[in-house]
Amino acid sequence: MIRLNGVFKQFGNLEVLKDISLHVREGEKITIIGPSGSGKSTLIRCINALEMPTSGEVFLNGEPLLASNRTGMVRMYCAMVFQQFNLYPHMTAMQNITLAPVKLQKKSKTEAEELAWHYLDVVGLRDKANAYPSTLSGGQQQRIAIARALATRQKILLFDEPTSALDPEMVQEVLDVMIRLSKESITMIVVTHEMGFARQVADRVIFLDNGVLVEEAPPQDFFANPKNERTRAFLSKILH
Amino acid sequence: MGGPFSLRRWARLFADYTLFLEGLGVTLLVAVLALFLALVLGVIFGLFSTSSFKSLRAVSRVYVEFFQNTPLVIQIFFVYNALPYIGIRMHEFLIGVLCVGVYHGAYVAEVVRAGITSIPKGQWEAARSQGFSYVQAMQYIILPQTVTIVLPPLGNQAVNLIKNTSVLALIAGGDLMYRADSWASNGTLSYGPAYVVTGALYFLLCFPLVKWVRAHELRIKDRDTRQHAAARAGA
Ligand SMILES: Nc1ncnc2c1ncn2[C@@H]1O[C@H](COP(=O)(O)OP(=O)(O)OP(=O)(O)O)[C@@H](O)[C@H]1O
Ligand SMILES: [Mg+2]
């Protein structure tokens, strides 16, 4: 579903991604962990063309992702959930969810709203359909953002630290939604610091350090006996 | 002839009030058309100045700096007195609309630019991550949010624009200021009442706009605090 071939990314003189190669099968759940500044966000932003690699290739469903086709490719395959939610503040929850289906996928308003009600149920916020984002708590905003991402029914769902901006008591409600999603056939890539979540839902955990893909393994192996020295050091720091 | 504000002078003014009304009509028409032109130019050059193309940003910069840093009076004199030498002759009314519109378009462009750049980067990214093109993102997500923000400064621009249409008087443009001035100087010599009444008419045009701008600003502030309070209560 997703293939990265020798991806490098530079910002000026700063090398943020160094020779990343990665293959994600359809329906696979991947979590990416790593220290701050290691390039996790940059990596998933290369998958939906928010950043273009300096060199190397990205393929979605076998098609190369290029500057010339990025809008269409993203429209076809990807949805993203951000750390800061990034809901459209001038629209209600319902309007946030139906905008892309109506404007980009040419669904009728009724059709899009039906879909939106369904995903509002999935995230448990049916009663907030007509609320504006600024009247919702952080956890509720993030769940609406997830419903918005789901409503376009893309095959690839990217999460960039979806719980990092939340008050602690709201983290679980968002994780619960994501755990439920992980039972579906969507391809999910989740950048997270929630190791419990990574253990529970990931097919594979990827450790990124200083722009290098250091280690990847199924969670049971990854956490039980990490092979790389740097992985061990990182895990011992966060797992105490 | 009595004092500058003698009763007789007022009486003459009110006898000739249609002159002032005509002038007011011309001023209003120039203001409306110039405002429309300023908005169109302002949105175009405002978008240019936020574009990722260097050349468009440069074009916008030159336009804005040129018109913001030279007096409107020179611009209007140039068009009225100098352009005819190269065969460009326009009606005073048209000159008024063009010059005032283009001049204020530069200010509107700055207002639009500031409005667009005040929208957080996350809004662009959310739009792009859903597959909206640049134009669609502008249309559905960025500009609607920009409108609320730029309305108060645009209202201030409209007020300045209305007042600045009085430069038409300098080229016999038939506007309110010109009618008042020529009525006063042509024999009646009732400058006092003429200017007082004219000033009052400009005030009547501008004051409601200023009031509306203040009310709108308060509404935005009020809405923001209410929403934040609601978000805290919901948290
Ligand atoms: N647009 C940009 N321009 C310049 N430098 C950037 C840009 N985006 C990211 N960087 C830099 O690239 C490096 C990697 O950033 P990135 O956001 O991918 O890290 P991260 O692993 O997601 O970190 P965090 O856990 O803090 O979110 C950082 O040093 C960051 O400062
Ligand atoms: Mg990050």
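Residues numbered from 1 in each chain as written. Chains lettered and ligands numbered in written order. Predicted model: local features only at pLDDT ≥ 70, side-chain atom pairs only at ≥ 80, totals over all residues. Heavy atoms only, no water.

(A) Main features of the interface of chain B and chain A. The partner chain A presents 28 residues to the 21 residues of chain B that form the contact. Between chain B and chain A, a total of about 2,000 Å² is buried, with carbon and sulfur atoms accounting for 55% of that surface. Three residues, S129, Q130 and Y140 of chain B, lead the burial of chain B against chain A; their summed loss comes to 29% of the area buried on that side. Here chain B and chain A share one salt bridge between them. Where E125 of chain B meets R45 of chain A, a salt bridge forms, and the shortest distance between an N and an O atom there is 2.9 Å. At the junction of chain B and chain A, the tally comes to eight residue pairs in polar contact (both at pLDDT 80 or more). Listed by contribution, the elements that provide at least two residues to the side of chain B that touches chain A are α6 (121-129), α7 (134-164) and α9 (191-234) of chain B. Ranked by residue count, the leading element in the side of chain B that touches chain A is α6 of chain B, at seven residues. By residue class, the composition of the side of chain B that touches chain A is nine nonpolar, ten polar and two charged. (Contact = heavy atoms within 4.5 Å. Buried area = accessible area lost by both parts, 1.4 Å probe. Salt bridge = Lys/Arg side-chain N within 4 Å of Asp/Glu carboxyl O. Polar contact = N/O pair within 3.5 Å; in protein donor to acceptor, adjacent residues only side chain to side chain. Helix = DSSP H or I, 4+ residues; strand = E, 2+ residues; numbered from the N terminus. Nonpolar A, V, L, I, M, F, W, Y, C, P; charged D, E, K, R; others polar.)

(B) Structural detail: the pairing of strand β6 (residues 78-81) of chain A. Residues and elements named next belong to chain A. Alternating positions in β6 separate into two faces, C78 and M80 on one and A79 and V81 on the other, with burial throughout. Of the pairings in the sheet, the one linking β6 to strand β7 (residues 156-160) comprises four bridges and is parallel in character. Along β7, the bridge assignment pairs M80 with L158. (Buried < 20%, exposed > 50% of the residue type's maximum accessible area, 1.4 Å probe, protein only. Pairing = 2+ DSSP bridges.)

(C) Quick look at the sheet that holds strand β8 (residues 187-191) of chain A. All names here are of chain A. The strand order across the open sheet formed by six strands is β6-β7-β8-β3-β9-β10, and the pairing between neighbours is mixed. Taken across any chain shown, the strands that pair with only one partner, and hence form the sheet edges, are β6 and β10 (212-217). For this sheet, the mean angle separating the axes of adjacent strands, direction not counted, is 20°. The pairing of strand β3 (residues 29-33) with strand β9 (residues 204-209) spans four bridges and is parallel. Paired with I32 across the bridge in β9 is I206. Running at roughly 155° to β7, helix α1 (residues 40-47) makes contact with β3, β6, β7, β8 and β9 of the sheet. (Axes fitted to C-alpha atoms, helices over the stretch in contact; angles between N-to-C directions.)

(D) Expanded view of the environment of E22 of chain B. Residue and element names in this part refer to chain B. Within the secondary structure, E22 is located in helix α2 (residues 17-49). Given the relative accessible area of 46%, E22 is considered partly exposed. The sequence separation of E22 and D175 amounts to 153 residues, and the corresponding C-alpha distance is 7.8 Å.

Just geometry here; none of it tells us what the structure is for.
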